[in-house]
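Summary of structural features
The chain contents come next:
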Amino acid sequence: MAFVQRRKGPDVVGSFGLLQPLADGLKLILKEPISPSSANFSLFRMAPVTTFMLSLVAWAVVPFDYGMVLSDSNIGLLYLFAISSLGVYGIIIAGWSSNSKYAFLGALRSAAQMVPYEVSIGLILITVLICVGPRNSSEIVMAQKQIWSGIPLFPVLVMFFISRLAETNRAPFDLPEAEAESVAGYNVEYARLAISLFFLGKDRSGVILISGPCTSLFPGGWPPILDLPIFKKIPGSIWFSIKVILFLFLYIWVRAAFPRYRYDQLMGLGRKVFLPLSLARVVPVSGVSVTFQWLP
């Protein structure tokens, strides 16, 4: 990101700054644990753990290769959508249990930002399922052997990418935790390991988790980019990782290149643009599929 912005980055700790994440983690561990005296301690401690655990259990239905998936269930997409929707509870609990009006207001803003974009993501998933059929995650990937879903559904891919950015509070939609805010949003009362769990669950692990299902739904998952013998010698998990890294690069590029939205622009984009567009996309895709008998 520093290279994109033509500035100095954290390249002092270790070769090319590879040890910087370890240094940041060690710094958070050594900080003094501070908890508000008037907080609800059980819920206050449960909120960051809940957010972090939700970002881990969602990987159960993401296939890395053929047969390399923990649970290849027919409700895999529904499971992913449910897990991503549960993330709002960790944020609300964190803001309410802190017993601070600033944290609670930040939690309400984060929840209000997540809800409209989650509805758009649900309609986008319906559009994809119309094209590939109500199958498990591995069958959705295998249905894209002839052509990737991201090619005919490229506008849907763009909407899904931006909606996931906003739903996880990533830049340029990170308004509740922005530097311009008077406080740091719903996690203002947290310190030490608790705030690191929030960052891992919503920021670091959340971005990788976004890229995994996006890779399975649109650019074909683990099969190689071209159907050539030399490419088939590379394991499918390597191809899956390459595609995930490309999506990670896009997230970092968007964070470095685009300015932060105003809050009214953010909510207007979700409710006035993406919600009607994603709903309108379901109608022509289903109509064309039924008319030409292309339903799987």
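To keep things clear, this report deals only with the structure shown in the data block. Every value quoted in this text rests on a predicted model; they were computed, and no experiment measured them. Once a new chain begins, its residue numbering starts again from 1 and follows that chain's sequence as written. Side-chain atom pairs in this predicted model are given and counted only at pLDDT of 80 or more, local residue features only at pLDDT of at least 70, and totals for whole chains, interfaces and linings cover all residues. Here the side-chain values reflect all heavy atoms present in the structure, with hydrogen atoms and water set aside.

Regarding the packing of helix α6 (residues 154-167) against helix α10 (residues 263-291)
Just so we agree on the cut-off: Comment: axis = line fitted to C-alpha atoms, over the contacting stretch for helices; angle = value between 0 and 180 degrees taken between N-to-C directions. Secondary structure elements are defined from DSSP: runs of H or I of at least 4 residues count as helices, runs of E of at least 2 residues count as strands, and each element is numbered from the N terminus. When the near helix sits turned anticlockwise from the far one by under a right angle, the crossing is termed left-handed; a clockwise turn instead gives a right-handed crossing. We call two residues in contact whenever any of their non-hydrogen atoms come within 4.5 Å of each other. Residue polarity is assigned by list, with Asp, Glu, Lys and Arg as charged and Ala, Val, Leu, Ile, Met, Phe, Trp, Tyr, Cys and Pro as nonpolar; anything else, Gly included, falls into the polar class.
Contact pair α6 / α10: the axes reach a minimum separation of 11 Å and the direction vectors enclose 145 degrees. For the element pair α6 and α10, the recorded crossing hand is left-handed. Each of P155, V156, M159, I162, S163 and A166 in α6 lies in contact with α10, whose residues at this interface are L266, L269, F274, L277, S278 and R281. Class assignment for the residues of the contact of α6 with α10 results in nine nonpolar, two polar and one charged.

With respect to α10
Formally: Expected span, for any helix, means 1.5 Å times one less than how many residues it has. Take the seven residues that end at a residue and the seven that start at it, fit an axis to each, and the angle between those axes is the bend at that residue. Throughout, exposure labels follow a simple rule: accessible area from a 1.4 Å probe, protein chains only, divided by the maximum for the residue type, with under 20% read as buried, over 50% as exposed, and the rest as partly exposed.
Its 29 residues give α10 an end-to-end C-alpha distance of 41 Å, which sits within 8% of 42 Å, the value for a rise of 1.5 Å per residue. A bend of about 35 degrees at F274 is the largest found in α10, and the proline P276 appears one to four places after it. All buried positions along α10 are accounted for by L266, M267, G268, L269, G270, F274, S278, V282, V285 and S289. Packed against the buried residues of α10 are α4 (101-132) and α6.

A look at the environment of I195
On the secondary structure map, I195 appears in helix α7 (residues 192-217). Expressed as a C-alpha distance, the spacing of I195 and K272, which sit 77 residues apart in the sequence, is 33 Å. When near neighbours in sequence (up to four residues on either side) are disregarded, I195 contacts L28, N187 and Y190.

Structural notes on the packing of α6 against helix α9 (residues 236-257)
In the contact formed by α6 and α9, the axes pass within 12 Å of each other and the chain directions differ by 60 degrees. When the axes of α6 and α9 are compared, the crossing they make is right-handed. Taking contact as the criterion, the partners of L157, F161, R164 and L165 in α6 are, on α9, F247, L250, Y251 and V254. Per-class residue counts for the contact of α6 with α9 are seven nonpolar, no polar and one charged.

Considerations on the environment of G25
Tracing the backbone shows G25 in helix α1 (residues 20-30). Among the residues examined, G25 registers a relative accessible area of 28% and is labelled partly exposed. Taking C-alpha positions, G25 is 8.6 Å from L193, a pair spaced 168 residues apart along the chain.

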